[in-house]
Amino acid sequence: MRHRHLSTLTLALGIAVLLDVLRVWLPSVITLFGRAAETPAELLGAFALGWFLLALAAPALVRRTGAAPVGLVAAVVLAAARLALTAQPGGPAQLWLACAGLLAGLVWLAATAASVPRPVAGLALGMAGNAVGHALLGTEDLVWRGGMLGWSLSALLVPAFLAASVAVRRERADTSAAGPSPTGAGHGTTGRRIRVPGRRDWLLCGPALLLAGQVALAPALWSAAAGTGSPAFPGLARPGSGALPGALAVLLFLAAALFRAPARVARVLWPLVLLAGSVLFVTGHLVPAYLLTAAGLGGCLALTDTTGDGPASADDAAGPGDDGRAGARRGRAAALGMLVFAVATVAYYAAYDLGYPNGWAPVATAVLVALVAATAPVRATPASSGAAAPGPVLPTTVRVTVLAGLTALAALGAALHVPPAQARATAAPAAVRVAAYNIRMGFGLDGRLDLDALARELRGADIVLLSEVDRGWWLNGGHDTLALLARRLEMPYVFAPAADPVWGDAVLSRFPARSGQTRRLTAHGAPTGAQALGVTLDLGGRELAVVATHLQPPPGRDPVEQAREVAAFAGRYAAGRPLVLGGDLNTEPADPAFAEFTRAGLVDALAPARPLRTSPADDPRTQIDHVFVSPGLTATEVRAPRTEASDHLPVTLTVTLP
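Residues numbered from 1 in each chain as written. Predicted model: local features only at pLDDT ≥ 70, side-chain atom pairs only at ≥ 80, totals over all residues. Heavy atoms only, no water.

Let's talk about the sheet that holds strand β2 (residues 463-470)
Item 1. Strand order in the open sheet made by the 6 strands is β3-β4-β2-β1-β12-β11, with mixed pairing throughout. The outermost strands of the open sheet, each flanked by one partner alone, are β3 (493-500) and β11 (634-639). Neighbour-to-neighbour, the strand axes of the sheet open up by a mean angle of 20°, direction not taken into account.
Item 2. By the bridge criterion, 6 bridges tie β2 to strand β4 (residues 503-509) in an arrangement that is antiparallel. Looking at β4, one finds that D470 is bridged to W503.
Item 3. Packing of helix α19 (residues 451-458) onto the sheet brings it into contact with β1 (431-438) and β2, and relative to β1 it is tilted by some 145°. (Pairing = 2+ DSSP bridges. Helix = DSSP H or I, 4+ residues; strand = E, 2+ residues; numbered from the N terminus. Axes fitted to C-alpha atoms, helices over the stretch in contact; angles between N-to-C directions. Contact = heavy atoms within 4.5 Å.)

Structure below.
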């Protein structure tokens, strides 16, 4: 294998490993460092950004010590942290292992940038390969899967990355020992210097990782967008038939990144397509958003791959190792690009604690990528420079094979993970088992994504009302928690967004869902959005209205106004039918917001078991998770089983129908 091809493979494998670590590090910062939202958002942001700021020193280390030794040591630490995380340590060990892996990954990236002037093919293959692997696992990471599958596949990925890293270092050492290339320090036959591209490519590494993980190559987003709803469910997402358009996103991204469009067309087309996709994402149009963002992002990366970085200079001359000033500049560009990744990620999600509009963050990131790509100078041609312009990093046959293979695997992932089918009508039951649970996006108190633990608590319920349901937040690792949990329970679901299109509340049921409605609640000063989801279930010819909600109180206040809105919505939606209403209401039985529900004529179904404290899960002190029923329904077997699968306890009860 030629040296430049081996470098491309090593970069692709390293990006896949780094993304695995990021999928653990991001939620660990939220669930472990900032446990149960007890840590101020400003401190969380400072902790997260600190690691990326620390990595800005990596280029100086690389220049002083050399790219090869620094890169190899960083690769070993990154690989060790990745394998250690597969053991699912949880708690502080998980947080600090993820931090060590992240920092090592950032240093490795800077060292790689110093010696790889054309990274686009490797970056594209790493991002696409990681996304396809995520899709094949149903959006659940190998790290969280553990077991035989997790260890087996990790034992293939991580050693392959290390072996490739060692082989690259050996080849570079052999090249250096053989002496300078015939062109010397970049001199062509005419005495002109060949420009070495790379700074723009590496600057876009961080922004590209963000846009890929959040929008373009996000299998959880593909899954969430597959539930298109129907006229009977306006504004709601039911289980779709699969995320096959996600395979199209992989195809568009790789085709645009690996096959160059005519420069004059591409400089206008790809930036505009990328901007359109980012705008569609923040407006909630998920399918066109990720398709356009995938094509535009791949095209913008290709634009930087066909350019230099300005007039050639001695500092930018290509030579063996290329880890001098030109390499240091690429390393700084990579570190700055990853800092952009961190700032944009923190800015987008901190809005749900601080209460400012956050749609600008992905759009601004797309604008940056578009500007860097559109303004990149075209590489000098042989006629104008007197030197041969470098050809594609990968041969055409390799690019076609990789494109077809990854697209086919993405389609296979969609076929393997079909959502549970709609339930069939059954004989009218005399009673139903109901559970209400704030699942904290699937993360337990130990910071691990443990959907099996959640499923154990909910198994046996006929109707499940879920709060804090995540269907693709990059901050939480980009999992479709709802689809993963529904498959474990073998229950179809109805989802309604609250904070943004992929975060909200859901109802799962063993009975057919006939219709539904959602109502966005007024914020009243609360930073995080809230909604009320109404679903009508067919209980063997009898209808039961179910309302799931998660009230978001303004800082230091009781959510009285939102409680009043939900109570009024539930009354109108039920329209005289039996009603069950529940969720994380963030109010206690003696508070004014709680009284809004009883004032509306609803009955506290948990009253026989009071006090029934549900939060925090490891030391319950507050009663903030509730279930109300309409008069005539009787609640028995009320429980709040102790578990640390979330930061709340579930509440379960049997509701006897009149």
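Past the structure itself, the notes keep going.
As for the sheet that holds strand β6 (residues 531-539)
Item 1. The strand order across the open sheet formed by 6 strands is β5-β6-β7-β8-β10-β9, and the pairing between neighbours is mixed. In the strand order of this sheet, the two ends are held by β5 (513-520) and β9 (603-604), each with one partner.
Item 2. When β6 meets strand β7 (residues 542-550), the two strands line up antiparallel, connected through 8 bridges. Each bridged residue has a counterpart across the sheet, and for L533 the counterpart in β7 is A548.
Item 3. Contacts between helix α21 (residues 560-574) and the sheet are confined to β5, β6, β7 and β8 (579-584), with β5 contributing the most and set at about 150° to the helix.
Item 4. On the sheet, helix α22 (residues 592-599) packs against β8, β9 and β10 (625-629) and is oriented at approximately 15° with respect to β10.

Details of the nonpolar core
Item 1. Ranked by internal contacts, the top residues of the largest apolar core, which has 156 residues, are W25, M127, W202, F253, L254 and L466.
Item 2. Counting residues per element, this core draws most heavily on helix α1 (residues 3-33), at 16 residues.
Item 3. Membership of the second largest hydrophobic core comes to 35 residues, among which are A513, A605, L606 and A617. (Core = buried A, V, L, I, M, F, W, Y, C linked by side-chain atoms within 4.5 Å. Buried < 20%, exposed > 50% of the residue type's maximum accessible area, 1.4 Å probe, protein only.)

Observations regarding the packing of helix α13 (residues 263-282) against helix α14 (residues 286-305)
Item 1. Interaxial distance between α13 and α14 falls to 7 Å at its minimum, and their mutual angle equals 145°. Seen from above, α13 lies across α14 with left-handed handedness. Here A266, R267, W270, P271, V273, L274, A276, G277, S278, L280 and F281 of α13 lie close against α14, whose contacting residues are L286, P288, A289, L292, T293, A295, G296, L297, G299, C300 and L303.
Item 2. Residues of the contact of α13 with α14, tallied by class, amount to 16 nonpolar, 5 polar and 1 charged. (Left-handed = near helix turned anticlockwise from the far one by under 90°. Nonpolar A, V, L, I, M, F, W, Y, C, P; charged D, E, K, R; others polar.)

What about the side chain of T8?
Item 1. Considering the arrangement of structural elements, one finds T8 in helix α1.
Item 2. Residues within four places of T8 in sequence aside, it is in contact with A121, G122, L125, V393 and L394.

Remarks on the pattern of salt bridges
Item 1. Taken as a whole and judged by the stated rule, the model has 18 salt bridges.
Item 2. R448 serves as the salt-bridge partner of D446, at 3.6 Å between the closest nitrogen and oxygen.
Item 3. In this structure D446 comes out as partly exposed when scored by relative accessible area, which is 30%.
Item 4. Overall, the relative accessible area of 17% leaves R448 in the buried class.
Item 5. Among the charged side chains, a salt-bridge network with shared partners connects R118, R260 and D305. (Salt bridge = Lys/Arg side-chain N within 4 Å of Asp/Glu carboxyl O.)

What about α14?
Item 1. Taking 1.5 Å of rise per residue, 20 residues should cover 28 Å, and α14 covers 28 Å from first to last C-alpha, within 8% of that figure.
Item 2. The buried fraction of α14 is high, at 17 of 20 residues. (Expected span 1.5 Å × (residues − 1).)

Examining unusual backbone geometry
Item 1. Of the consecutive residues R610 and P611, the connecting peptide bond is found in the cis state with omega at 0°.
Item 2. Here P611 is to be found in the loop between β9 and β10.
Item 3. Along the chain, S615 connects to P616 via a cis peptide bond; the corresponding omega equals -10°.
Item 4. Mapped onto the secondary structure, P616 falls in the loop between β9 and β10.
Item 5. At T139, a position not held by glycine, the phi torsion is positive, near 80°.
Item 6. Tracing the backbone shows T139 in the loop between α6 (120-136) and α7 (142-145).

Brief notes about the environment of T656
Item 1. Mapped onto the secondary structure, T656 falls in strand β12 (residues 651-656).
Item 2. Spatially, the C-alpha atom of T656 lies 6.4 Å from that of A635, the residues being 21 residues apart in sequence.
Item 3. With residues up to four places along the chain from it excluded, the contact list for T656 reads A430, A431, G632, L633 and T634.

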